Amino acid sequence: MISIVLVENQTLIREGLRALLERDGEFDVIGEGADGQDALRLAQKLKPNILLMELLIPELHGLEVLRRLKDHEQTRTIVLSSHSNASYVIESLKIGAAAYILKHNTSTELFEAIRTANAGEHFISKELRNCALELTIGRHGRNGKNGEDRLTTRERVVLELAAEGFSNAEIASRLTISRRTVESHRASLMQKLGLKSQTDLVRYAIRNQIINA
């Protein structure tokens, strides 16, 4: 059986996923969590074949979890999210995700993603493949000169949390870094994206589907 740790902050969704997976008979959910700290702790303690994780989870952002688990080779991470921004798909895969699928996809596609990731390969939801490919081609065509292309993983996380309305102190607490480091990341991303204010930052995040309006 394929062992799975499931991390999702919405209880009903997490319980539904567990029931769906265990009903199949091929999968064994050996642990559950509701935030990024749970994801790190359970992955390191239980060493599952698969970590199935929402990207937008409390305490520690999913991208930060992926970054910290990058060398945790025994576990393959699948992002299961409602977040369809192509930049996040590519960034997730770049820093360690084995698969990226959307919550409204079918159980058939979820099971395919798990089996594919467990076999050591990568998987992306069908509807995301074209937009991810177009973004990748576009980046090569622009020689990487677009500001968002130059954001680090940390800067992307800070961008999203700042756009969601979290203060620098709250972001620092979530990422377990200093407030001054958050301020540095924020200033850097604002400069790279040509943004001048919090209003500009929120508008940018909405326009690029980093957050919902």
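Just so we're clear, the structure is a prediction, and the values are computed from it rather than from any experiment.

**Comments concerning helix 1 (residues 11–24)**
Helix length check: helix 1, at 14 residues, gives a terminal C-alpha distance of 20 Å against a target of 20 Å (1.5 Å per residue), a fit within 8%. Of all the positions in helix 1, only Arg-14, Leu-17 and Leu-21 are classed as buried. Buried residues of helix 1 fall within an arc of 65° about the axis and therefore sit on the same side. Exposed and oriented more than 90 degrees from the buried face of helix 1 are Leu-12 and Arg-23. On its buried face, helix 1 is in contact with strand 1 (2–7), strand 2 (27–33), strand 3 (50–53), strand 4 (76–81) and helix 5 (107–118).

**Re the environment of Val-65**
Counting through the fold element by element, Val-65 comes out in helix 3 (residues 62–68). Separated by 25 residues in sequence, Val-65 and Leu-40 place their C-alpha atoms 6.5 Å apart.

**Things to note about unusual backbone geometry**
Even without glycine at this site, Lys-47 takes up a positive phi of about 50°. Looking at the element boundaries, Lys-47 is found in the loop between helix 2 (36–46) and strand 3. The residue Thr-176 is not glycine, and still its phi comes out positive at about 50°. Judged by relative accessible area, which is 49%, Thr-176 ranks as partly exposed.

**A short note on the packing of helix 7 (residues 153–163) against helix 10 (residues 198–207)**
One can describe the packing of helix 7 onto helix 10 by two numbers: an axis separation of 9 Å at closest approach and a directional angle of 105°. Taken together, helix 7 and helix 10 sit at an angle that is classed as roughly perpendicular. For the pair formed by helix 7 and helix 10, the contact residues are Leu-159, Ala-162 and Ala-163 on the first element and Gln-198, Leu-201, Val-202, Tyr-204 and Ala-205 on the second. Across the contact of helix 7 with helix 10, the residue classes tally to 7 nonpolar, 1 polar and no charged.

**Some thoughts on the pattern of salt bridges**
Taken as a whole and judged by the stated rule, the model has 14 salt bridges. The partner of Glu-155 in a salt bridge is Lys-192, with the nearest N and O atoms 2.9 Å apart. Of this pair, Glu-155 sits in helix 7 while Lys-192 sits in helix 9 (residues 179–193), and the two are 37 residues apart along the sequence. You'll find Glu-155 and Lys-192 in the same group, each marked buried. Residue Arg-179 is joined to Glu-183 by a salt bridge in which the shortest nitrogen-to-oxygen separation is 3.5 Å. Note that Arg-179 and Glu-183 are positioned in helix 9 at a spacing of 4 residues, about one turn of the helix. One connected set of salt bridges, linked through shared partners, spans Arg-14, Arg-18, Glu-22 and Glu-32.

Reading the values: the criteria
Residues numbered from 1 in each chain as written. Predicted model: local features only at pLDDT ≥ 70, side-chain atom pairs only at ≥ 80, totals over all residues. Heavy atoms only, no water. Helix = DSSP H or I, 4+ residues; strand = E, 2+ residues; numbered from the N terminus. Expected span 1.5 Å × (residues − 1). Buried < 20%, exposed > 50% of the residue type's maximum accessible area, 1.4 Å probe, protein only. Arc of directions from axis to C-beta. Contact = heavy atoms within 4.5 Å. Axes fitted to C-alpha atoms, helices over the stretch in contact; angles between N-to-C directions. Parallel < 35°, antiparallel > 145°, perpendicular 65-115°, else oblique. Nonpolar A, V, L, I, M, F, W, Y, C, P; charged D, E, K, R; others polar. Salt bridge = Lys/Arg side-chain N within 4 Å of Asp/Glu carboxyl O.

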